[in-house]
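Structure at a glance
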Amino acid sequence: MTAQIIDGAAIAARLRVQVAEEVAGRVAAGRRAPGLATVLVGDNPASQTYVRSKRKACAEAGIESFPHELPATASQREVEALVQELNADPRVHGILVQLPLPAGLDEEKILAGVSLEKDVDGFHPINIGRLSMKGREPLFTPCTPAGCMVLLEEAGAQFKGAQAVVLGRSNIVGLPAAMLLLRRDATLTICHSRSRDLAAICRTADILIAAVGRAEMVRGDWVKPGAFVIDVGINRVEDATRKSGYRLVGDVAFDEVKDVAGALTPVPGGVGPMTIAMLLRNTLRGAELADARGE
Ligand code: NAP
């Protein structure tokens with residue numbers, strides 16, 4: 001079998017055009033442009049790059065950016081005060097606190113301080129709680145897992161009754177991805193670093209989402225023929241042929257799995273671009289929620 005390669009970059013580009021059109025429509029109708037505030041604490045180079053690309057994507061979609069940078073020495077109180085200020089700012093419809101925060105800051109408390117209506121990352125405990133409860137609706141769904149679901153839908157995956165395996169249980173990817181699959185009536189297995197015989201569990205999967213951060217861990221013989229495989233991992237491996245000295249690979253051994261899976265996302269160009277597209281969509285939703293509140 002040769003897998004359908006799911007073109008996340010193309011799907012994300014289409015979604016971004018849709019968001020840009022909706023933003024232009026609301027501005028033409030005299031409503032406020034959506035606004036996204038980013039909070040970057042410290043000088044983690046990867047975080048700086050992520051925040052920059054999110055701001056660039058906002059600009060392209062007509063979403064206003066409100067960037068805030070605090071030094072790594074910022075106190076808990078300063079970060080919480082900034083979040084409160086943004087909660088009260090009517091131009092801001094989404095607040096993104098870039099993770100990880102420097103050691104010493106209480107991430108849980110800071111994220112819980114983000115207004116539920118502006119929680120475009122979907123990490124507020126109430127939004128995660130609603131995501132996990134039957135019959136409840138979160139206001140926002142975390143961007144990377146939501147992007148995985150769009151990719152699966154686009155590839156034609158059937159969720160109801162499917163065996164789904166999620167590798168990884170982090171708060172930002174594995175756990176919410178698992179909850180999204182469960183909400184679509186998949187039968188779910190969540191694996192983590194203490195799970196035994198991962199290969200055998202993965203081989204049961206009609207849908208496999210890998211989010212472990214281990215380069216090419218999922219091998220060809222871990223995959224059920226015809227399965228839908230979503231590779232969230234972004235891992236650097238040394239590569240002397242590249243100017244940078246490294247290249248990016250996923251958690252899935254692409255060259256092996258593409259001969260077994262029915263559909264597979266590449267790295268890069270799979271899940272990565274979807275994360276930003278879903279963030280733009282969530283920010284637009286934040287603006288719509290503000291409209292509904294009459295703000
Ligand atoms: P994380 O917080 O480090 O979580 C990793 C998860 O994988 C944990 O649940 C861990 O288990 C599990 N795990 C680690 N090693 C394992 C092993 N050998 N066997 C089985 N399970 C193992 O990472 P994350 O934030 O979820 O990110 C995962 C990957 O996705 C990373 O490569 C990250 O760069 C990438 N990512 C990509 C995007 C995107 O936009 N494409 C967004 C976010 C993250 P325990 O819980 O037992 O420790």
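The numbering scheme is per chain: residues are counted from 1 as the chain's sequence reads. At least 70 in pLDDT is required for a residue's local features to be given in this predicted model, at least 80 for side-chain atom pairs to be given and counted, and no such filter applies to totals for whole chains, interfaces and linings, which use all residues. Excluding hydrogens and water, the side-chain values take into account all heavy atoms of the structure.

**Looking at the overall build of the protein**
Along the backbone of the protein there are 10 helices and 11 strands. Here the C-alpha atoms of the protein give a radius of gyration of 19 Å, agreeing with the 19 Å that 2.2 N^0.38 yields for 295 residues. Taking the principal axes of its C-alpha atoms as reference, the protein extends roughly 55 × 40 × 35 Å. Per-residue burial for the protein yields a buried fraction of 50% across its 295 residues. Whether two residues are in contact is decided by their heavy atoms, any of which lying within 4.5 Å being enough. Taking contacts inside the protein between residues at least 6 apart in sequence as the whole, the part at least 24 apart equals 69%. Only the protein chains shown count as cover for residues, and all accessible areas are computed by the Shrake-Rupley method using a 1.4 Å probe. With an accessible surface of roughly 14,000 Å², the protein has 52% of that area assigned to carbon and sulfur atoms. Separation between the mean location of the 34 positive side-chain charges and that of the 35 negative ones in the protein comes to 2 Å. Elements are defined by DSSP. Helices are runs of H or I of four residues or more, strands are runs of E of two residues or more, and each kind is numbered from the N terminus. C-alpha atoms define the radius of gyration, and 2.2 Å times the number of residues to the power 0.38 defines the globule rule. Each residue gets one of three labels from its accessible area relative to the maximum for its type: buried under 20%, exposed over 50%, partly exposed in between, using a 1.4 Å probe on protein chains only. Neither His nor the chain termini are counted; the positive set is Lys and Arg, and the negative set is Asp and Glu. A charge is said to be at NZ when it belongs to Lys, at CZ for Arg, at CG for Asp and at CD for Glu.

**Quick look at the pattern of salt bridges**
Whenever a carboxyl oxygen of Asp or Glu lies within 4 Å of a side-chain nitrogen of Lys or Arg, that contact is scored as a salt bridge. One pass over the full model with this rule turns up 16 salt bridges. We note a salt bridge from E60 to K56, for which the minimum N-O separation is 3.5 Å. Remark: K56 and E60 occur in helix α2 (residues 45-61); sequence separation between them is 4 residues, near one turn of the helix. The closest approach of N and O atoms between R183 and E137, which form a salt bridge, is 3.2 Å. One end of the pair, R183, is in helix α7 (residues 174-183); the other, E137, is in the loop between α5 (125-132) and α6 (143-155), with 46 residues separating them in the sequence. The exposed category is assigned to E137, whose relative accessible area is 58%.

**Focus: the environment of V260**
Tracing the backbone through its elements, the reader meets V260 in the loop between α9 (254-257) and β11 (263-264). For the pair V260 and F228, spaced 32 residues apart in sequence, the C-alpha to C-alpha distance is 10.0 Å. Ignoring anything within four residues of it in the chain, the contact list for V260 reads M1, G220, V223, K224, P225 and G226.

**With respect to the environment of L139**
One can find L139 in the loop between α5 and α6. Considering only alpha carbons, one finds L139 and N127, 12 residues apart in sequence, at a separation of 6.4 Å. In this view, L139 contacts L116, E117, N127, R130, R285 and L289; residues no more than four positions away in its chain are not counted.

**Considering the packing of aromatic side chains**
Describing an aromatic ring pair means giving the distance of the ring centres and the angle of the ring planes. For Phe, Tyr and Trp, where Trp contributes only its six-membered ring, two rings pair if their centres lie within 6.5 Å, and the inter-plane angle classes them as stacked under 30 degrees, edge-to-face over 60, or tilted in between. Applying the stated criterion across every chain, the model contains 0 aromatic pairs. Over the face of the ring belonging to Y246 we find R236, whose NZ or CZ atom lies 3.9 Å from the ring centre. Whether a charge lies above a ring is judged from NZ of Lys or CZ of Arg, which has to be within 6 Å of the ring centre and within 35 degrees of the ring normal. The ring of F140 carries the charged tip of R285 above its face, separated from the ring centre by 5.9 Å.

**Comments concerning the site of the ligand**
When at least one non-hydrogen atom of a residue lies within 4 Å of a molecule or strand, that residue is treated as near it. For the ligand, the set of nearby residues contains 21 residues, the closest of which are R169, S170, S193, I234 and T275. Polar contacts here mean pairs of N or O atoms no more than 3.5 Å apart (in protein, one a potential hydrogen donor and the other a potential acceptor; neighbouring residues in sequence count only if both atoms are side-chain atoms). One nitrogen or oxygen atom from the main chain of H192 is found 3.4 Å from a nitrogen atom belonging to the ligand. One of the side-chain N or O atoms of T275 is found 2.7 Å from an oxygen atom in the ligand. For the shell around the ligand, the element with the most residues is helix α10 (residues 271-292), which contributes 3 residues.

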